[in-house]
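# Observations on the model geometry
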Amino acid sequence: MGMFNNRKRWRVPAGVEPTELDKKVMAFESRGALVPKRSLIRTPEEIEGIRKSGVINTAILDLVGEKIHAGMSTLEIDEIVHTYTIEHGAIPATLGYEGYPKSVCTSINEVVCHGIPSAKEILKEGDIINVDCTTILDGYYADASRMFVIGKTTPQKQKLVDVAKECLEIGMAAAKPFGFVGDIGNAIQQHAHKYGFSVVRDLCGHGVGIKFHDDPEVLHYGKKGTGMLLVPGMVFTIEPMVNMGTWKVFIDSADGWTVITEDELPSAQWEHTFLMTETGLEILTH
Ligand code: MF3
Ligand code: CO
Ligand code: CO
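Residues numbered from 1 in each chain as written. Chains lettered and ligands numbered in written order. Predicted model: local features only at pLDDT ≥ 70, side-chain atom pairs only at ≥ 80, totals over all residues. Heavy atoms only, no water.

### Overview of the coordination of the cobalt ion (ligand 2)
On the protein side, the cobalt ion (ligand 2) has Asp143 (OD), His206 (NE2), Glu239 (OE) and Glu271 (OE) as donor atoms, found 2.0 to 2.2 Å from it. Taken together, the six donor atoms coordinating the cobalt ion (ligand 2) span angles of 51 to 162 degrees at the metal, a pattern that classifies the geometry as irregular. As a motif over one chain, the donors of the cobalt ion (ligand 2) read D-x62-H-x32-E-x31-E. In this model, the cobalt ion (ligand 2) sits 3.3 Å from the cobalt ion (ligand 3), the two metals being bridged by aspartate 143. Here the residue aspartate 143 occupies a position in strand β5 (residues 140-149), and histidine 206 occupies one in strand β7 (residues 205-207), the gap between them amounting to 63 residues. Exposure class is identical for aspartate 143 and histidine 206. Each is buried. (Donors = N, O, S within 2.8 Å, 3.2 Å for Na, K, Ca; no water. Tetrahedral: all angles 85-135°; square planar, octahedral: opposite > 155°, others 65-115°. Helix = DSSP H or I, 4+ residues; strand = E, 2+ residues; numbered from the N terminus. Buried < 20%, exposed > 50% of the residue type's maximum accessible area, 1.4 Å probe, protein only.)

Below is the structure:
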């Protein structure tokens, strides 16, 4: 008695014949798996829209890569991003997002993420900086970030940048259709720990595409087989933040945005927007 589990997340609209995919996901849900809402599955048209947004997003980060140099301010990076975005008929997603004031996030050294570009912040030799850019084109969101090394940095900081990139690649490889989001975080965490680095726990990857931040929540640590079921047609980011010291972070009370490592040791992050296909992840931001 007592059917409490009939509020299903995966709901096939009335009058629609369930597909093989529907049946497969419903079987997972019946066995107690956390499945996505059916509305998280992007249509081919939506995927094309996100892909086009991704092309602009990639061009922006390529351009930043060409222009970034010691002696420039992070505000100049913001201007490059803003100008290119607008000139290509797109919108910088962060500008005005929950009150965020700029078109890109620029996070140097011990800044983990959400650093606000400023005329007073000048890049110097040896800095490592994450440039995180989200683009809206025709209503479709693409979100990616890269690290840039200003000139030559220390071997330790270079290792952190490289391992953070490998964490993204390893997380990508761990994501399989009808696997779970936790498989991604588990692979990332193991790789970071191999080098004595830690993984930030307070911020995660996210569904993206028709909104900036959507389900699923993509933790960059955790256990295999936990979290949401990965279903072909889902679009989400993986964006591991890897720290040289503690995983703990705080938010700078001066601006309410800048996330900084608690021990003020460096942090590195790479991000792509991905589509789950029948065989694995496809990158939509390169
Ligand atoms: N691009 C970031 C992400 O990867 C979000 C930045 S939101 C902002 O999810 F408001 F801080 F810009
Ligand atoms: Co993101
Ligand atoms: Co981002």
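Picking up where we left off.
### Thoughts on the sheet that holds strand β13 (residues 267-269)
Taken together, three strands build an open sheet; the order of strands is β6-β10-β13 and the sheet is antiparallel. Each edge of the sheet is formed by a strand with only one pairing partner; in this case those strands are β6 (198-199) and β13. Inspection of the sheet shows strand β10 (residues 241-243) paired to β13 by three bridges, in the antiparallel sense. What sits directly across from methionine 241, in β13, is glutamine 269. Helix α4 (residues 155-174) rests against β10 and β13 of the sheet, and its axis sits at about 35 degrees to β13. (Pairing = 2+ DSSP bridges. Contact = heavy atoms within 4.5 Å. Axes fitted to C-alpha atoms, helices over the stretch in contact; angles between N-to-C directions.)

### As for the side chain of glutamate 29
Mapped onto the elements of the fold, glutamate 29 is located in helix α1 (residues 20-30). The residues contacting glutamate 29, other than those within four sequence positions of it, are Lys8, Arg9, Trp10 and Val35.

### With respect to the sheet that holds strand β12 (residues 259-261)
Ordered in space as β3-β12-β11, the three strands form an open sheet in which the pairing is antiparallel. Only two strands of the sheet have a single partner each, and these edge strands are β3 (111-113) and β11 (249-251). Between one strand and the next, the sheet's axes are offset by a mean angle of 40 degrees, whatever the strand orientation. Sheet analysis places β3 next to β12, joined by two bridges and oriented antiparallel. Bridge pairing in β12 places valine 111 opposite isoleucine 260.

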